[in-house]
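Examining the three-dimensional arrangement
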There are 2 protein chains.
Amino acid sequence: MGRDSYDEQLDRLTGVLATMSRDASAAIRTASTALLDVDRSAAERVLAGDAVLDRLRAEAEAMIPEVLVRHQPVASDLRLVVCALRIAGALERMGDLAVHVAKVVLMRHPVGVVPEPAVPVLTAMAGAATRIADKTTVVLATRDRLDAMQLGLDDDEVDAAQERLLSMLVTDWPYGVESAIDLALVGRYYERYADQAVNVARQVVYLVTGTIRL
Amino acid sequence: MGRDSYDEQLDRLTGVLATMSRDASAAIRTASTALLDVDRSAAERVLAGDAVLDRLRAEAEAMIPEVLVRHQPVASDLRLVVCALRIAGALERMGDLAVHVAKVVLMRHPVGVVPEPAVPVLTAMAGAATRIADKTTVVLATRDRLDAMQLGLDDDEVDAAQERLLSMLVTDWPYGVESAIDLALVGRYYERYADQAVNVARQVVYLVTGTIRL
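This write-up is about the structure you can find in this document. Only a predicted model underlies this, so the values are computations on that prediction, with no experimental measurement involved. (Residues numbered from 1 in each chain as written. Chains lettered and ligands numbered in written order. Predicted model: local features only at pLDDT ≥ 70, side-chain atom pairs only at ≥ 80, totals over all residues. Heavy atoms only, no water.)

**Quick notes on the interface of chain B and chain A**
Taken together, the 28 residues of chain B in the interface contact 28 residues of chain A. Counting the surface lost from both chain B and chain A, the interface buries some 2600 Å², and carbon and sulfur atoms represent 68% of this. Here chain B is connected to chain A by two salt bridges. Arg86 of chain A is the salt-bridge partner of Glu61 of chain B, the closest N and O atoms lying 3.1 Å from each other. Counting across the interface, chain B meets chain A through three residue pairs in polar contact (both at pLDDT 80 or more). Elements that contribute at least two residues to the side of chain B that touches chain A include exactly α2 (40-69), α3 (75-108), α5 (145-170) and α6 (176-209) of chain B. It is α6 of chain B that contributes the most residues to the side of chain B that touches chain A, nine residues altogether. Along the lines of polarity and charge, the residues of the side of chain B that touches chain A split into 18 nonpolar, three polar and seven charged. (Contact = heavy atoms within 4.5 Å. Buried area = accessible area lost by both parts, 1.4 Å probe. Salt bridge = Lys/Arg side-chain N within 4 Å of Asp/Glu carboxyl O. Polar contact = N/O pair within 3.5 Å; in protein donor to acceptor, adjacent residues only side chain to side chain. Helix = DSSP H or I, 4+ residues; strand = E, 2+ residues; numbered from the N terminus. Nonpolar A, V, L, I, M, F, W, Y, C, P; charged D, E, K, R; others polar.)

**Description of the nonpolar core**
It is characteristic of soluble globular proteins that their nonpolar side chains tend to be buried jointly. In terms of nonpolar packing, the biggest core is built from 162 residues, with Leu122 and Tyr190 of chain A together with Leu122 and Tyr190 of chain B touching the most fellow members. In this structure, Leu122 of chain A is in contact with Leu35, Leu36, Val114, Leu165, Leu183, Val186 and Tyr190 of chain A, ignoring residues within four places of it in sequence. (Core = buried A, V, L, I, M, F, W, Y, C linked by side-chain atoms within 4.5 Å. Buried < 20%, exposed > 50% of the residue type's maximum accessible area, 1.4 Å probe, protein only.)

**Structural notes on unusual backbone geometry**
Between His109 of chain A and the following residue, Pro110 of chain A, the backbone shows a cis peptide bond with an omega angle of 10 degrees. Following the sequence through the fold, Pro110 of chain A ends up in the loop between α3 (75-108) and α4 (119-142). The backbone of Val38 of chain B sits at a positive phi, close to 50 degrees, despite the residue not being glycine. Following the sequence through the fold, Val38 of chain B ends up in the loop between α1 (6-37) and α2. Using a relative accessible area of 31% as the deciding quantity, one classes Val38 of chain B as partly exposed. Unusually for a residue other than glycine, Arg143 of chain B sits at a positive phi of about 50 degrees. Take Arg143 of chain B: it is sitting in the loop between α4 (119-142) and α5. Taking relative accessible area as the criterion, Arg143 of chain B reaches 37% and is therefore assigned partly exposed.

Shown next as structure tokens:
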């Protein structure tokens, strides 16, 4: 085990979180390709990639006692720790939610999950979720409070798309109950994914400003 | 601010988590009453009670820097902190999921969400979820590894009930797509609630044994 300086250790921790964020973003992007292009191999890549996020989360968590125990931490270090743990947890969960989307694709393949009339709303939802994930990655790097606040708008877009999707499903949906349930759950996974991304940004803002409102 | 001993501070932290666990358990019990008895006031109680869980989580998190900064923490203390944060997060989320169930009830009231044929499976699901929550409260108090391992069985029961529910919904469900979606989502909320309760138990086991497998 190296005898790195405290700052080097914190940099490494932040680096792991940044990698996790990029991976969580790639996961939802690939899952959305799987969903909208009925692409089985994309879905399988999402499943295969998830172990990396799980491992990185464990790595981030394992670093923390190590970082703190060798140093006399001050309150702001400990706040960093609380935030880092929440961020790692949220990013791992984002990966899980991308996996849930991919699993629905695999379960129905070669039949597609998204019938023609639902393509626009799912495309909008996937687009907004991916944008949020990308911005989250940026926020983690820049720690810019204004970047973080923008995420709320994209999150509203995901919620609005989920509302549109649900009303479409309950008014004269000709593709059957199974299809409606699949889509309602897929919409829910995107919604939760976006919520978690906003959580990440919120933690970053908390880290920077000491207050948690976005 | 008091100058309590380290042990007293840890006891207070554990006490907050125990209270959260009892509240999260009460929330799913009340939400299940709301769902199965079409009881509007029960649903409203779940919504009203959720702020307490949110506040307790914030309280638990706020304690942690305070506990650590005054002391030279050792590795096991820091492990406790990582666990306490995850436990507080999971318990707050359990409360949120009970709120989601209650909101579906309120949205459809005075119409019931659970048509007659789905009553047994939802009753089983609610019963298993409530049992898990109660056992989680016990595990938090006893830190008994065997108690914690039992939770896996109840969790399997929730998952199996969700499977039964979904197959019921997709094979000749005469109550319409909206009802099917409501129930699929309600089932999902119970499933996630149970997952989070198992997470709590897993953290407790990790705290006691240093390994995380259940």
